[in-house]
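Summary of the model geometry
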Amino acid sequence: AENSPVATRYQAVYARRNLLTYTEDFRNAWWAKGFCTFSDGKLYGSDIPNQQMLSQIEHGAGTFSYSFKARAGTLPRVGLTAWNGTSYFLNVLFDLSTGTVVSNGGVGDASIQPLSDGWYLCKCENLTTASATNFGGMQIRPGKSSHTAGTTAGPFDPDSYVEIGYAQFEAGPVATDY
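Residues numbered from 1 in each chain as written. Predicted model: local features only at pLDDT ≥ 70, side-chain atom pairs only at ≥ 80, totals over all residues. Heavy atoms only, no water.

What follows deals with the pattern of salt bridges. Applying the stated criterion to the full structure yields 4 salt bridges. Ionic pairing is found between D117 and R71, a salt bridge with its closest N-O pair at 3.0 Å. Of the two residues, D117 is situated in the loop between strand 11 (109–114) and strand 12 (119–129) and R71 in strand 7 (residues 62–72); the sequence distance between them amounts to 46 residues. Given a relative accessible area of 62%, D117 falls into the exposed group. (Salt bridge = Lys/Arg side-chain N within 4 Å of Asp/Glu carboxyl O. Helix = DSSP H or I, 4+ residues; strand = E, 2+ residues; numbered from the N terminus. Buried < 20%, exposed > 50% of the residue type's maximum accessible area, 1.4 Å probe, protein only.)

Structure representation (structure tokens):
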């Protein structure tokens, strides 16, 4: 059942449903591509000097968690943002070359966790918004080493990319395993 506790040795984890569709196929039309492209697991920037993002799902008010896996390609950083019609209530930048959260310019608890073969689990948990999102909801953005949160706009070399996969969006304060 949704939000039902599943006992573990140390804590109660909530079994939830991923609200995103096509979480491994970012080429699908459910994912809007704003001045970027996606191919073979790679999110490419473009030479257009504008906000570049891959986005899906607009949602209502409440408490949520976003997560995805990422690995540095020719770009070392990846951003995660969400817009509520007034401001970015979530604006996090992850450095995939150092395994750190560069900045968290919004609400929620951002973290990055090493996996294997250079992959990281990037997540922001316990996000609470009083108003609905619009303009794409969850937004994953390619980032240069010079970028800080909120400055992930292009232009990029059209061959520059970051690898991403396994995106999740869940209702509730904790991101669960994919």
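Next comes the rest of the account.
Counted residue by residue, strand 14 (residues 161–171) has 9 buried out of 11 residues, so it is predominantly covered. Pairing analysis gives 3 bridges linking strand 5 (residues 42–44) to strand 14, with the strands arranged antiparallel. The residue bridging K42 from the neighbouring strand is E163, located in strand 14. (Pairing = 2+ DSSP bridges.)

This paragraph deals with the environment of V101. When you line up the elements, V101 lands in strand 10 (residues 100–104). C-alpha of V101 to C-alpha of V78: the two residues are 23 residues apart in sequence and 10.0 Å apart in space. With residues near it in sequence (within four places) discarded, V101 still touches V92, L93, F94, A110, S111 and I112. (Contact = heavy atoms within 4.5 Å.)

Another aspect to go through is the pairing of strand 7. In this sheet, strand 12 lies alongside strand 7 in antiparallel orientation, the contact comprising 9 bridges. Bridge pairing in strand 12 links A70 to Y120. Across 8 bridges, the pairing between strand 7 and strand 14 is antiparallel. Bridged to Y66 within strand 14 is F169.

Turning our attention to the sheet that holds strand 12. Taken together, the 6 strands give an open sheet; going across it, the order is 4-5-14-7-12-11, and neighbouring strands pair in antiparallel fashion. With partners counted over all chains shown, the strands left at the sheet margins are strand 4 (37–39) and strand 11, one partner each. Taken over all neighbouring pairs, the strand axes of this sheet differ in orientation by 30° on average, direction set aside. Strand direction decides the pairing type here: strand 4 and strand 5, joined by 3 bridges, are antiparallel. In the sheet register, F38 faces strand 5, and the bridge partner there is L43. (Axes fitted to C-alpha atoms, helices over the stretch in contact; angles between N-to-C directions.)

Proteins that are soluble and globular tend to have nonpolar side chains buried together. Judged by nonpolar contacts, the single largest core of 28 residues is most densely connected at F68, V78, L80, C122, I140 and I164. Elements that contribute at least two residues to this core include exactly strand 7, strand 8 (77–83), strand 9 (88–95), strand 12, strand 13 (138–143) and strand 14. Those residues in contact with F68, other than ones at most four positions away along the chain, are V78, L80, F94, Y120, L121, C122, M138, I140, I164, G165, Y166 and A167. (Core = buried A, V, L, I, M, F, W, Y, C linked by side-chain atoms within 4.5 Å.)

Right, let's get into the side chain of N28. By the secondary structure assignment, N28 is in the loop between strand 2 (12–15) and strand 3 (32–34). Residue class for N28 comes out buried when judged on its relative accessible area of 17%. Here W30 takes part through its backbone nitrogen, which lies 2.8 Å from a polar atom of the side chain of N28. Leaving out residues up to four positions away in the same chain, N28 has contacts with Y22 and K33. (Polar contact = N/O pair within 3.5 Å; in protein donor to acceptor, adjacent residues only side chain to side chain.)

Mapped onto the fold, A61 is located in the loop between strand 6 (53–56) and strand 7. In the structure, A61 is positioned 68 residues away from T129 in sequence and 5.3 Å away in space, judged by C-alpha atoms.

Another aspect to go through is the packing of aromatic side chains. Considering all chains together, one arrives at 6 aromatic pairs under this definition. In this structure an aromatic cluster arises from ring pairing among F26, W31 and F38. The ring of Y161 carries the charged tip of K42 above its face, separated from the ring centre by 4.6 Å. The lysine or arginine in question, K69, covers the ring of Y166, its NZ or CZ lying 4.9 Å from the ring centre. (Phe/Tyr/Trp six-rings, centres within 6.5 Å; stacked < 30°, edge-to-face > 60°. Lys NZ or Arg CZ within 6 Å of the ring centre and 35° of its normal.)

None of the figures reported here should be taken as evidence of function without further support.
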